[in-house]
Amino acid sequence: VTAATPNALLTATALLCLVCTQLSPSPKGSLANRAAKACAAKMGVIILGSDGTSADIVDAAIAVNELVAERLLKEASKSVTLLNTNATASTSGGMVASSGKRNSGYSQASLHMEFVEAATWLLRSCGRHERAIDVLHARLQQHRAPESAKQP
């Protein structure tokens with residue numbers, strides 16, 4: 001699968017990212033992120049026409065990438081929920097997750113951003129640049145809201 005076969009590259013990358021969300025004992029956001037970023041680099045800048053289509057990429061490949069990107073964002077939202085739950089349940093001695101590791105809040109936050117970044121790269125690789133920017137903007141707004149609430 002190469003950039004010479006963009007539909008296969010996009011679809012295979014999207015499926016790899018989807019598999020990363022299903023790995024046990026924990027999802028592998030870093031692997032999904034690396035795969036999506038590599039795909040975007042191989043694809044280069046994809047410009048969709050005014051009708052939202054590309055001469056090189058079939059609509060089905062774009063749809064698969066969009067669906068998987070949404071699934072990655074859903075997985076990122078789950079990791080944020082886990083992060084918030086762990087933060088409220090932890091004691092002042094640091095966050096402790098079910099695995100018993102300290103500072104698991106950091107790893108959950110990292111996992112969250114890995115999946116957000118992977119979704120962004122997938123969207124960019126199939127020419128959905130505006131949607132990718134919207135995703136990042138929404139995530140920044142989510143993280144800004146708690147900080148601005150703390151200020152007097």
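Keep in mind that this is a model prediction, so the values were computed, not measured.

Reading guide: rules and limits
Residues numbered from 1 in each chain as written. Predicted model: local features only at pLDDT ≥ 70, side-chain atom pairs only at ≥ 80, totals over all residues. Heavy atoms only, no water. Salt bridge = Lys/Arg side-chain N within 4 Å of Asp/Glu carboxyl O. Helix = DSSP H or I, 4+ residues; strand = E, 2+ residues; numbered from the N terminus. Buried < 20%, exposed > 50% of the residue type's maximum accessible area, 1.4 Å probe, protein only. Disulfide = S-S within 2.5 Å. Core = buried A, V, L, I, M, F, W, Y, C linked by side-chain atoms within 4.5 Å. Contact = heavy atoms within 4.5 Å.

1. Thoughts on the pattern of salt bridges
When their charged atoms lie close together, side chains carrying opposite charge are able to pair.
Alright, step 1. By the definition in use, this model includes three salt bridges.
Alright, step 2. Where Glu70 meets Arg131, a salt bridge forms, and the shortest distance between an N and an O atom there is 2.4 Å. With Glu70 in helix α3 (residues 59-89) and Arg131 in helix α5 (residues 129-150), this residue pair connects regions lying 61 residues apart in the sequence.
Alright, step 3. Judged by relative accessible area, which is 38%, Glu70 ranks as partly exposed.
Alright, step 4. For the salt bridge of Glu75 with Arg71, the shortest nitrogen-to-oxygen distance reads 3.1 Å. Of this pair, Glu75 and Arg71 are both found in helix α3, four residues apart, which corresponds to roughly one turn of the helix.
Alright, step 5. Take Glu75: its relative accessible area is 7%, and that puts it in the buried class.

2. Quick look at the state of the cysteines
A covalent bond bridging the sulfur atoms of two cysteines is what the word disulfide describes.
Alright, step 1. Summed over the entire model, instances satisfying the criterion amount to zero disulfides.
Alright, step 2. For Cys17, which is in no disulfide, the shortest distance to another cysteine sulfur is to Cys20 and amounts to 5.9 Å.
Alright, step 3. For Cys17, a relative accessible area of 0% gives the class buried.
Alright, step 4. Given a relative accessible area of 1%, Cys20 falls into the buried group.

3. Quick word on the nonpolar core
Alright, step 1. Counting 19 residues, the largest nonpolar core has Cys17, Ala32, Val68, Leu72 and Leu122 as its most contacted members.
Alright, step 2. Mapped by element, the contributors of at least two residues to this core are α1 (6-22), α2 (29-43), α3, α4 (104-125) and α5.
Alright, step 3. For this core, the element with the highest residue contribution is α4, accounting for six residues.
Alright, step 4. Excluding residues that lie within four positions of it along the chain, Leu72 makes contacts with Cys17, Thr21, Phe115, Ala118, Ala119 and Leu122.

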